[in-house]
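Each chain, letter by letter, is given below.
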2 protein chains.
Amino acid sequence: MKIVILGCGRVGSTIASVMSREGHDVTIIDQNADAFRRLSSDFSGKTIVGNGIDEDTLRRAELDRADAFVAVTNGDNRNIMSVQLAKVRFKVPKVVARIYDPIRAAAYAELGIETVCTTCVGAGLIRDKVLGREFSTFEEYLRLGITNASMEGEHERR
Amino acid sequence: MKIVILGCGRVGSTIASVMSREGHDVTIIDQNADAFRRLSSDFSGKTIVGNGIDEDTLRRAELDRADAFVAVTNGDNRNIMSVQLAKVRFKVPKVVARIYDPIRAAAYAELGIETVCTTCVGAGLIRDKVLGREFSTFEEYLRLGITNASMEGEHERR
């Protein structure tokens, strides 16, 4: 599979390293060349310095030929914008965005954009560890976060 | 259950809000009073402004009477230091630290400190979404992160 990843932070570099080792054709983009040192030493994919919300960078990453695009920068807005571009302009069949804000994650999921809300999953896992419970499913953790966020009057939206 | 949470970011505020709603006695600590606006409007626990690695703050949170302590600040070191304090000085029966670095998470887990590595879980969930696979267990995602990190020569350690 040809996969393009935007954001070489901890999560992006882990996905890139693991999928490269699994034999996939991986290209990873980051604004900051220093970020690429997080990649494992056996990473055999391509690295591109650039901004993921301009078409030029995405074209250099040959996004038009990609099977999948993943956006895992630290900005929810940037992740959402880039997956929209990937889906609409580059017709990438599979796009996934990491979203911190549970309400946004749910809203975009309804629009057909697959999202992974790490806030919900982290909070759910820790609660269950504290209570000594079995871990729930990912879907249940997502609901936990949404229920909480929708009850918050002052929920932060960046 | 009486639970003390250090760090009122997205994950900390979600755990605090959900567990308060579930009827637990929740105290949450953050260095920055502004962070408490992330709590849901029906949060009925206590908030304390302070640093979680000094004993005075932890004493104000009545950590000596707590059943559980959770450290979810943005710093791995701070989380580890505070759970050690909670365990050794305050004899808290259950402590959990959120750790970004997979190698550290595994090392501390071996020392009996329960850790949740959100990097591993996030990377694993996204990889499986991209590949259209069933989600794995959280234990498998943890191993994925560790395997990757231990193969990285230049893995970042903050």
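Just so we're clear, the structure is a prediction, and the values are computed from it rather than from any experiment. (Residues numbered from 1 in each chain as written. Chains lettered and ligands numbered in written order. Predicted model: local features only at pLDDT ≥ 70, side-chain atom pairs only at ≥ 80, totals over all residues. Heavy atoms only, no water.)

Re the sheet that holds strand β4 (residues 68-71) of chain A
Right, on to step 1. Strand order in the open sheet formed by 6 strands is β3-β2-β1-β4-β5-β6 (chain A), and the pairing between neighbours is parallel. Looking at which strands have only one partner, the edges of the open sheet turn out to be β3 (46-49) and β6 (114-117) of chain A. Mean inter-strand twist for the sheet, computed between neighbouring axes without regard to direction, equals 20°.
Right, on to step 2. Sheet topology places strand β5 (residues 94-99) of chain A next to β6 of chain A; 4 bridges connect them, and they run parallel. For R98 of chain A, the partnering residue across the bridge sits in β6 of chain A and is V116 of chain A.
Right, on to step 3. Sitting on the sheet, helix α1 (residues 10-21) of chain A touches β1 (2-6), β2 (25-30), β4 and β5 of chain A, and the angle it makes with β2 of chain A is about 160°.
Right, on to step 4. Sheet contacts for helix α5 (residues 118-131) of chain B: β1, β4, β5 and β6 of chain A; angle to β5 of chain A, the most-contacted strand, approximately 160°. (Pairing = 2+ DSSP bridges. Helix = DSSP H or I, 4+ residues; strand = E, 2+ residues; numbered from the N terminus. Axes fitted to C-alpha atoms, helices over the stretch in contact; angles between N-to-C directions. Contact = heavy atoms within 4.5 Å.)

Describing the sheet that holds strand β2 (residues 25-30) of chain B
Residue and element names in this part refer to chain B.
Right, on to step 1. Taken together, the 6 strands give an open sheet; going across it, the order is β3-β2-β1-β4-β5-β6, and neighbouring strands pair in parallel fashion. Of all strands in the sheet, those bounded by a partner on one side alone are β3 (46-49) and β6 (114-117). Across the sheet, the mean angle separating the axes of adjacent strands is 20° when strand polarity is ignored.
Right, on to step 2. Packing of helix α1 (residues 10-21) onto the sheet brings it into contact with β1 (2-6), β2, β4 (68-71) and β5 (94-99), and relative to β2 it is tilted by some 160°.
Right, on to step 3. Packing against the sheet, helix α3 (residues 76-88) makes contact with β1, β4 and β5, and its axis sits at approximately 175° to β5.

Notes on the nonpolar core
Right, on to step 1. Counting residues in each nonpolar core, the largest one holds 50 residues, and the members touching the most others are I5, V70 and I126 of chain A together with I5, V70 and I126 of chain B.
Right, on to step 2. In contact with I5 of chain B, other than residues within four places in its own chain, are G12, I15, A16, V26, T27, I28, I29, V70 and V72 of chain B. (Core = buried A, V, L, I, M, F, W, Y, C linked by side-chain atoms within 4.5 Å. Buried < 20%, exposed > 50% of the residue type's maximum accessible area, 1.4 Å probe, protein only.)

Here we look at the relation of the copies chain B and chain A
Right, on to step 1. Note on the copies: chain B fits chain A at an RMSD of 0.0 Å, the axial shift is 0.0 Å, and the rotation between them is 180°. What the rotation and shift describe, once combined, is the action of a two-fold rotation axis. Looking at the rotation axis and the C-alpha trace of chain B, the residue lying nearest is T118 of chain B, at 3.6 Å.
Right, on to step 2. By residue overlap, the copies meet face to face through one surface: 98% of the interface positions of chain B are interface positions in chain A. (Least-squares fit on C-alpha atoms with pLDDT ≥ 70 in both.)

Examining the interface of chain B and chain A
Right, on to step 1. On the side of chain A, 55 residues touch chain B, which itself brings 54 residues to the contact.
Right, on to step 2. Carbon and sulfur atoms make up 66% of the surface buried where chain B meets chain A, a total of about 4,700 Å² over both sides.
Right, on to step 3. On inspection of chain B and its partner chain A, the count reaches 4 salt bridges.
Right, on to step 4. E114 of chain B is the salt-bridge partner of K129 of chain A, the closest N and O atoms lying 3.1 Å from each other. (Buried area = accessible area lost by both parts, 1.4 Å probe. Salt bridge = Lys/Arg side-chain N within 4 Å of Asp/Glu carboxyl O.)

Looking at helix α3 (residues 76-88) of chain A
Every α-helix winds through 3.6 residues per turn, so residues three or four apart in the chain are directed the same way.
All names here are of chain A.
Right, on to step 1. Between its first and last C-alpha atoms α3 spans 18 Å; for 13 residues at 1.5 Å apiece the expected length is 18 Å, and the two agree.
Right, on to step 2. Residues D76, N79, I80, S82, V83, L85 and A86 constitute the buried set of α3.
Right, on to step 3. Elements that come into contact with the buried residues of α3 comprise β1, α2 (55-60), β4, β5 and α4 (102-110). (Expected span 1.5 Å × (residues − 1).)

Observations regarding unusual backbone geometry
Right, on to step 1. Positioned with a positive phi, K91 of chain A is a non-glycine residue whose angle comes to about 55°.
Right, on to step 2. Assignment of secondary structure puts K91 of chain A in the loop between α3 and β5.
Right, on to step 3. A residue is classified by how much of its surface remains accessible, and K91 of chain A, at 63% relative accessible area, is exposed.
Right, on to step 4. Not every positive phi belongs to a glycine, and E62 of chain B is a case in point at roughly 55°.

A short note on the pattern of salt bridges
Right, on to step 1. By the definition in use, this model includes 24 salt bridges over all chains.
Right, on to step 2. The partner of R89 of chain A in a salt bridge is E55 of chain A, and the shortest N-O contact between them spans 2.7 Å. Taken together, the positions of R89 of chain A in the loop between α3 and β5 and E55 of chain A in helix α2 put the pair 34 residues apart, joining distant regions of the chain.
Right, on to step 3. A salt bridge links R127 of chain A to E22 of chain B; its shortest N-O distance comes to 2.6 Å. One end of the pair, R127 of chain A, is in helix α5 (residues 118-131); the other, E22 of chain B, is in the loop between α1 and β2, on a second chain.
Right, on to step 4. A residue is classified by how much of its surface remains accessible, and E22 of chain B, at 36% relative accessible area, is partly exposed.
Right, on to step 5. Each of E22 of chain A together with R127, D128 and R133 of chain B takes part in salt bridges that share partners, so that together they form one network.

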